[in-house]
Amino acid sequence: MSARTTVPSVQGRKVRRGDVPLVMVTAYDAPGARMADAAGIDMILVGDSLAMVVLGYDDTLQVTVDDMAHHTAAVARAKPSALVVADLPWLSYHVSVEDTVRNAAALVRAGAQAVKLEGGRKRLPMVEALLDAEIPVMGHIGLTPQSVNAMGGFKVQGRKHDAALALVEDAKALEHAGCFAIVVEGVPDEVGRLVTDAIDVPTIGIGAGPGTDGQVLVFHDVLGIEDRVLPKFVRRYAELGVDGTRALGAYADDVRTGAFPSPAESYHLKADEAEALGLYGSPAPLA
Ligand code: KIV
């Protein structure tokens, strides 16, 4: 078992200082967390993408703190060496700092070692309150999916000079407030680099080019399970959706033709018990 990844061990990682890029992937249950951990992934994000890739919604706005805690607990039960970060869902950190801390505490009690929230400078009071309660915070700027309605869709951010500089200012403010890492999503490569160069905590990119201090992808995208949307930035490393459908089809065929289960896949009585029931030799066909 590899050493546990901790918040301080992540906080100091910068590629420009010679560190290897950080690897983060989402997971939402114990088998997913075990796979990620066995693969040597540094951080597991229990993302609110849960809403879309597991629960079948069209955006992330539908999941609640209870949903996130339920899935965070499942991930934590796998006892991964990877750092477990849980997303604060929409509206769990928008109303008051008290609500924010209480909601984050529910995720920590479920097994998260840190929480992630979306937004830049306007989230500073929430970030400060969380840190005050000893809850490590990962920031998330750029394309923030919880703002889908405000942004008018899932759109690349920071394309204009002013917007790019605003992202740099957001990143600096989040770092200054104490975020240990910042996800930078859906921005041009150049903006990913600009933000990364501007701060001393690691940036974790998704659709932000290769210049960040790490990368994060959604589990179902990497493994080819989610087939409704395939963003440009996703690289698929398996086709589990296709393979799984093929496997389930083969199972259905075997059941329908009587090829499954075989004698080796069945329990059998000892000969004397079978005889006492008047059964001799191999079992009679069911029909
Ligand atoms: O919920 C999620 O999966 C995320 C990643 C896309 C960063 O926030």
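Conventions used here
- Residues numbered from 1 in each chain as written.
- Predicted model: local features only at pLDDT ≥ 70, side-chain atom pairs only at ≥ 80, totals over all residues.
- Heavy atoms only, no water.
- Helix = DSSP H or I, 4+ residues; strand = E, 2+ residues; numbered from the N terminus.
- Buried < 20%, exposed > 50% of the residue type's maximum accessible area, 1.4 Å probe, protein only.
- Contact = heavy atoms within 4.5 Å.
- Salt bridge = Lys/Arg side-chain N within 4 Å of Asp/Glu carboxyl O.
- Phe/Tyr/Trp six-rings, centres within 6.5 Å; stacked < 30°, edge-to-face > 60°.
- Domains from an automatic or database assignment.
- Core = buried A, V, L, I, M, F, W, Y, C linked by side-chain atoms within 4.5 Å.
- Pairing = 2+ DSSP bridges.
- Right-handed = clockwise from strand over helix to strand, strands pointing away.

A. Main features of the overall build of the protein chain. Each helix and strand counted, the protein chain has 12 helices and eight strands in total. Reported as C-alpha extents along the three principal axes, the dimensions of the protein chain are approximately 85 × 40 × 35 Å. The burial tally for the protein chain puts 46% of its 287 residues in the buried class. Partitioning the contacts of the protein chain with sequence separation of at least 6, the portion at a separation of at least 24 is 60%.

B. Expanded view of the pattern of salt bridges. Summed over all chains, the structure comprises nine salt bridges. Notably, a salt bridge pairs D200 with R17, separated by 3.9 Å at the nearest N-O pair. You can see D200 sitting in the loop between α9 (189-198) and β7 (203-206) and its partner R17 sitting in the loop between α1 (7-11) and β1 (22-26), a full 183 residues away along the chain. One network of salt bridges, with partners in common, ties together R16, R17 and D200.

C. A look at the packing of aromatic side chains. Taken as a whole, this structure holds one aromatic pair when the rule is applied. Seen in terms of ring centroids, Y251 and F260 are 5.9 Å apart; in terms of plane orientation they differ by 75°. Their pairing is edge-to-face. Accessibility expressed as a relative area gives 48% for Y251, which makes it partly exposed. For F260, a relative accessible area of 35% gives the class partly exposed.

D. Inspection of the domain arrangement of the protein chain at higher detail. Segmentation of the protein chain into domains returns domain 1 (7-238) and domain 2 (251-287). Measuring from the centre of the C-alpha atoms in domain 1 to the corresponding centre in domain 2 gives 52 Å.

E. Structural view of the nonpolar core. The biggest cluster of nonpolar side chains holds 75 residues, and the ones touching the most others in it are L107, F180 and I182. Element by element, the count of residues in this core is highest for helix α8 (residues 161-177), at seven residues.

F. Main features of the pairing of strand β8 (residues 214-217). Both β1 and β8 contribute to a ladder of four bridges, which runs parallel. Within β8, the position partnered with V23 by the bridge is Q215. Pairing between β7 and β8: two bridges, direction parallel. Within β8, the residue paired with I204 across the bridge is G214.

G. Quick peek at the pairing of strand β6 (residues 181-185). Extensive coverage of β6 is indicated by the burial of five of its five residues. Residues of β6 alternate between two faces, with A181, V183 and E185 on one and I182 and V184 on the opposite face, all of them buried. Summarising the sheet, strand β5 (residues 137-142) and β6 pair through five bridges and their orientation is parallel. By the bridge assignment for β6, H140 is matched with V183. Direction of pairing for β6 relative to β7: parallel, over a ladder of four bridges. Counterpart to I182 in the pairing with β7 is T203. For the handedness criterion, the β-α-β arrangement of β6, α9 and β7 is classed as right-handed.

H. Local environment of the environment of P188. Note on placement: P188 falls in the loop between β6 and α9. Along the chain, P188 and G209 lie 21 residues apart, while their C-alpha atoms are 6.8 Å from each other. Setting aside its immediate chain neighbours within four residues, P188 contacts V156, Q157, G158, R159 and A208.

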